[in-house]
Amino acid sequence: MVTGGRRFSQAISEGDGISLIVAIRTPAEARQAEEDGAEALLASSGAERQLPAIRAATSLPILFYWNGERAETLDGADACVVEAGDRDREWLEQVHDALGDRFELALRIHHEDHLESALENFDPELFVLAAPDEDDALERVLELLPDVPAGKLAIAELPISGPEEVAELERAGVDAVIVGATNVSELVGRPPPTL
């Protein structure tokens, strides 16, 4: 699949260490996340109207959780997360028709079977390894990681309670992790950049 610019994947693959993708809702949170050292932002469906203001507030690439509706309202986003589930090639064609070549696509994976199907049917470059509501979320993400082929980018989505979990994900080879806007500074592990 041909996608537009690779601004998002470049941001999370460059540099040393794991990248923090900060979940935000407002332009103010976007500015603060950038000041705190985030390397990308995550906005969710429902925030489409805020995208132009968020884009104006930050130079960071924006990953958008797309719910499958109103693709024409996503101007300002650089990449979109879409649920993989048990999707087939027909679904990919529908997603491609809706998103065109304007965005990089990241497939959100919860289960090994979904990862296998995604690789077989789509061969995406970006994967969101998700275990957001499980008690053993870190272990679940780490179990999915070895099945992501070399050269692909893995983003972890799980509840993060502290820098130790971020460090463990980094040691395992995860490229980026999604975190909340409130705990960025403590997870960056270095002073925020001087702007």
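Above this text sits the structure in question.
Model, not experiment: these values are computed from the prediction.

Q: Explain the overall build of the protein chain to me, please; I cannot follow it from the model alone.
A: In terms of helices and strands, the protein chain carries 8 helices and 8 strands. Counting across all 195 residues of the protein chain, residues that qualify as buried make up 50%. Pairs at least 24 apart in sequence give 56% of the contacts found in the protein chain among residues at least 6 apart.

Q: What is the right way to read the pairing of strand β4 (residues 79–83) from this model?
A: Most of β4 sits out of view: 4 of its 5 residues are buried. Bridge count for β4 against strand β5 (residues 104–109) is 5 bridges, and the pairing is parallel. Looking at the pairing, V81 lines up with A106 of β5.

Q: Please explain the nonpolar core as it appears in this structure.
A: It is characteristic of soluble globular proteins that their nonpolar side chains tend to be buried jointly. Core analysis: the biggest nonpolar cluster contains 51 residues, and L169 and V177 have the highest contact counts within it. Excluding its chain neighbours within four sequence positions, the residues that come into contact with L169 are I18, L138, V141, L142, A156, L158, I160, V174 and V177. Ranked by size, the runner-up nonpolar core spans 16 residues in total, among them I12, I21, V81 and A106.

Q: Hey, could you run me through the pattern of salt bridges in this one?
A: Note that side chains of opposite charge can pair when their charged atoms are close. Under the definition given, this model contains 8 salt bridges. Residue D78 pairs with R55 through a salt bridge whose shortest N-O separation is 2.8 Å. Note that D78 is positioned in the loop between β3 (62–65) and β4 and R55 in helix α3 (residues 51–57), a separation of 23 residues in sequence. On the basis of relative accessible area, D78 is assigned to the buried category, the value being 13%. With relative accessibility at 22%, the residue R55 sits in the partly exposed group. When salt bridges that share partners are traced, they join R7, R55 and D78 into one network.

What counts as what
Residues numbered from 1 in each chain as written. Predicted model: local features only at pLDDT ≥ 70, side-chain atom pairs only at ≥ 80, totals over all residues. Heavy atoms only, no water. Helix = DSSP H or I, 4+ residues; strand = E, 2+ residues; numbered from the N terminus. Buried < 20%, exposed > 50% of the residue type's maximum accessible area, 1.4 Å probe, protein only. Contact = heavy atoms within 4.5 Å. Pairing = 2+ DSSP bridges. Core = buried A, V, L, I, M, F, W, Y, C linked by side-chain atoms within 4.5 Å. Salt bridge = Lys/Arg side-chain N within 4 Å of Asp/Glu carboxyl O.

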